[in-house]
Every structure is written in C-alpha cells, then in structure tokens.
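Residues per chain are reported as follows:
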Amino acid sequence: MATRHFLSLLDFSPTELQTVIQRAIELKKKPINQNFNGKVLSMVFEKASTRTRISFEAGMAQMGGSAIFLSPRDTQLGRGEPIEDSARVISSMTDIVMIRTFAHETIETFAEYSSVPVINALTDALHPCQLLADMQTFYEQRGSIQGKKVTWVGDGNNMCQSYINAAKQFDFELSIACPKGFEPDAAMLTANSDRVTVLDDPQTAVANADLVVTDVWASMGQEDQQGKRLSQFAPYQVNHKLMEAAAKNALFMHCLPAHRGEEVSAKLLEDSQYSVVWDEAENRLHAQKALMEFLLS
Ligand code: CP
Ligand code: NVA
C-alpha cells in the first residue's frame with residue numbers, strides 16, 4: 001500500500017478527518033500510553049516554532065516514542081544536501097517525519113522520496129495540523145461545524161488557505177475579509193466558490209459567523225513587510241466591536257503567536273466569552289497524537 005502523508009487536509013477523506021478528531025478527544029482524556037513504543041519521529045524545522053515543536057515532541061514522549069529535532073543549522077540540509085537524498089536517508093532511520101519549511105514544493109518533494117509518512121507542520125501555503133486542533137476545539141465547544149459559518153479576517157495566508165480546505169472537508173461556509181492584494185490563492189478560491197466568498201469589509205463578512213479567526217499580518221519569512229502591512233491591515237483588527245457583529249455565541253480563534261493591538265485586540269484575546277485560543281493551542285498536542293497514530297497504524 002502506498003505510504004500515506006498529511007501535507008494538506010485534502011490528503012484525508014472527510015470521514016478520516018472526523019476519526020482523527022474524535023480520537024484526539026479520547027486521547028485528551030487518557031494522554032499516557034505505549035501506542036508509539038519504540039517509534040521515532042524526525043522533526044525538520046526550517047522556521048521557528050513553540051507550539052508545533054512542543055506538541056509533537058511531548059506527544060511522542062507521552063505515547064512511548066521519541067522525537068529528534070533537526071535544524072538546518074546543524075544538519076546537512078542547511079549545507080545544500082538535496083531534499084531527495086535527505087528524505088531517503090531520514091525515512092530509512094525513523095518511522096514518521098514532520099517538516100516545517102518555506103516552499104510547499106519542498107515538502108511535496110520530501111514526501112515523494114520518503115518511505116514513511118510525512119506531516120506538514122507548516123509551509124508558506126498550508127498549516128493543516130493547526131486546522132485539526134481548530135476543528136477539535138470547535139467540536140468540543142459547539143458540536144459539529146457542518147453547515148456553520150466561519151469568517152477569516154486578515155491576510156490570505158497559509159492559515160487562511162487551510163481554512164478554505166477545511167470548509168470543503170468539514171462542510172462549512174467561509175467568508176474571508178482581507179485587504180485588496182492579500183487574497184488567498186485564486187485557484188483555491190475558484191475550486192471552492194460554492195462555499196467560500198471574499199469581501200473587503202470585515203463587518204459585513206462576520207455577519208452570522210459562528211467562528212471568527214485571524215492570524216498575524218506578516219507571516220514568518222515576511223518580516224521585511226511588517227511595517228508596511230501595519231497600515232494596510234489596520235481596518236482588519238478583530239476586537240469586541242467586530243465580534244458583536246457576528247452571531248450570538250460566536251467563538252474567536254487564533255493559531256498564535258498573536259500580536260496584541262494588531263490583528264487582535266488584547267482585550268478580545270483574553271476574553272474567554274469569545275476567545276478559545278488556549279484550548280486551541282493545547283489541542284495541537286491531542287490532535288497530532290491522533291494524527292500520528294492514524295499514520296503509523
Ligand atoms: N500555531 C503554531 O504553529 O505555533 P508555533 O509557530 O509556535 O509552532
Ligand atoms: N501565518 C503564520 C502562522 C504561524 C503559526 C506564519 O506562517 O508565520
């Protein structure tokens with residue numbers, strides 16, 4: 001059987017995604033077991049991380065396996081060893097690999113040459129692991145997201161694009177409010193035009209939204225644009241005024257790290273009436289344990 005990878009939410013069927021999320025909820029209640037006894041995860045990080053690194057590493061430890069942190073600074077990857085060669089070698093010695101990198105093509109090439117499952121732990125295009133945690137969090141707080149409305153406010157980035165895939169796989173409506181010129185990938189929008197709309201006014205976009213989500217205005221690798229983006233994105237801050245224009249009981253999510261006073265007000269981020277960001281962050285641990293269990297079985 002061909003090796004399964006998780007580079008995008010589209011690599012799993014809607015039923016498989018639901019299975020992973022339900023298993024994550026179960027594992028959350030019973031975090032320690034030996035299901036990964038002797039299994040080793042390789043973690044390739046070409047960008048910084050707090051949540052992703054800790055959740056994968058702690059997840060392996062809690063399930064009886066172990067993890068190796070690989071930074072390009074101290075591996076041959078950073079000295080130009082081809083991805084194809086690295087993939088064959090790393091996958092010959094470890095059971096599962098997660099990669100955080102820049103170009104999405106890098107992880108696709110790695111997966112093509114890997115003999116073991118590869119997990120996308122964030123590329124410039126997608127961040128599917130975060131969506132598993134977000135979907136788990138919504139389910140725990142409000143039940144099924146099917147038929148609900150989600151609004152993305154801000155940059156049409158890797159998180160926004162993952163929400164487009166989630167809208168398809170979890171069957172919800174998605175409205176996106178972003179400044180002109182910062183829309184997500186046009187082909188993704190066209191492919192999902194039955195459920196995804198793009199508007200430039202955040203107040204209009206959040207009407208009847210059950211979930212409002214945002215992320216930083218400049219992602220990793222775009223640090224040089226941070227200053228310019230501050231003024232372009234200023235009308236897109238998610239705050240109490242915007243949440244009040246959404247549905248009653250709407251939730252607020254943010255993958256973190258957050259920039260208080262930019263994409264989200266400090267007050268909203270800390271207001272547990274709306275904000276579930278701390279549960280969302282913790283759920284990275286449970287969701288990825290369930291994901292790895294699925295891929296390793
Ligand atoms: N949300 C997320 O992926 O966080 P880190 O960059 O800290 O891993
Ligand atoms: N869009 C952000 C997400 C960080 C978890 C970035 O890519 O930097």
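Use the structure listed above.
For clarity, every value in this text was computed on a predicted model and none was experimentally measured.

Analysis parameters
- Residues numbered from 1 in each chain as written.
- Chains lettered and ligands numbered in written order.
- Predicted model: local features only at pLDDT ≥ 70, side-chain atom pairs only at ≥ 80, totals over all residues.
- Heavy atoms only, no water.
- Near = heavy atom within 4 Å.
- Polar contact = N/O pair within 3.5 Å; in protein donor to acceptor, adjacent residues only side chain to side chain.
- Areas by Shrake-Rupley, 256 points an atom, 1.4 Å probe, with all protein chains shown as cover.
- Nonpolar A, V, L, I, M, F, W, Y, C, P; charged D, E, K, R; others polar.
- Salt bridge = Lys/Arg side-chain N within 4 Å of Asp/Glu carboxyl O.
- Helix = DSSP H or I, 4+ residues; strand = E, 2+ residues; numbered from the N terminus.
- Buried < 20%, exposed > 50% of the residue type's maximum accessible area, 1.4 Å probe, protein only.

## Some points on the site of ligand 2
Okay, step 1: Lining the immediate environment of ligand 2, one finds L122, N157, N158, D215, S219, M220, C255 and L256.
Okay, step 2: Within the side chain of N158, one N or O atom sits 2.8 Å away from a nitrogen atom of ligand 2.
Okay, step 3: Expressed as a share of its isolated accessible area of 270 Å², the protein-covered part of ligand 2 is 93%.
Okay, step 4: Class assignment of the residues belonging to the shell around ligand 2 gives a composition of four nonpolar, three polar and one charged.

## Digging into the site of ligand 1
Okay, step 1: As a matter of local geometry, ligand 1 sits amid S49, T50, R51, T52, R100, H127, Q130, C255, L256 and R284.
Okay, step 2: Between a nitrogen atom of ligand 1 and a main-chain N or O atom of C255, the distance comes to 2.9 Å.
Okay, step 3: Taking L256, its main chain carries an N or O atom lying 3.0 Å from a nitrogen atom of ligand 1.
Okay, step 4: Surface burial for ligand 1 is 96%, taken as the share of its 250 Å² of free accessible area covered by protein chains.
Okay, step 5: Broken down by class, the residue content of the shell around ligand 1 amounts to two nonpolar, five polar and three charged.

## Some words on the pattern of salt bridges
Okay, step 1: In the structure shown here, the tally under the stated rule is eleven salt bridges.
Okay, step 2: The closest approach of N and O atoms between R23 and E293, which form a salt bridge, is 2.5 Å. One end of the pair, R23, is in helix α1 (residues 14-29); the other, E293, is in helix α12 (residues 277-296), and 270 residues separate them in sequence.
Okay, step 3: Relative accessible area serves as the criterion here: at 16%, E293 is assigned to the buried category.
Okay, step 4: With a closest N to O distance of 2.6 Å, E270 and R260 form a salt bridge. You can see E270 sitting in the loop between α11 (266-269) and α12 and its partner R260 sitting in the loop between β9 (251-254) and α11, a full ten residues away along the chain.
Okay, step 5: A single network of salt bridges, built from pairs that share partners, joins R23, E26 and E293.

The quantities given are spatial measurements derived from coordinates; they are silent on function.
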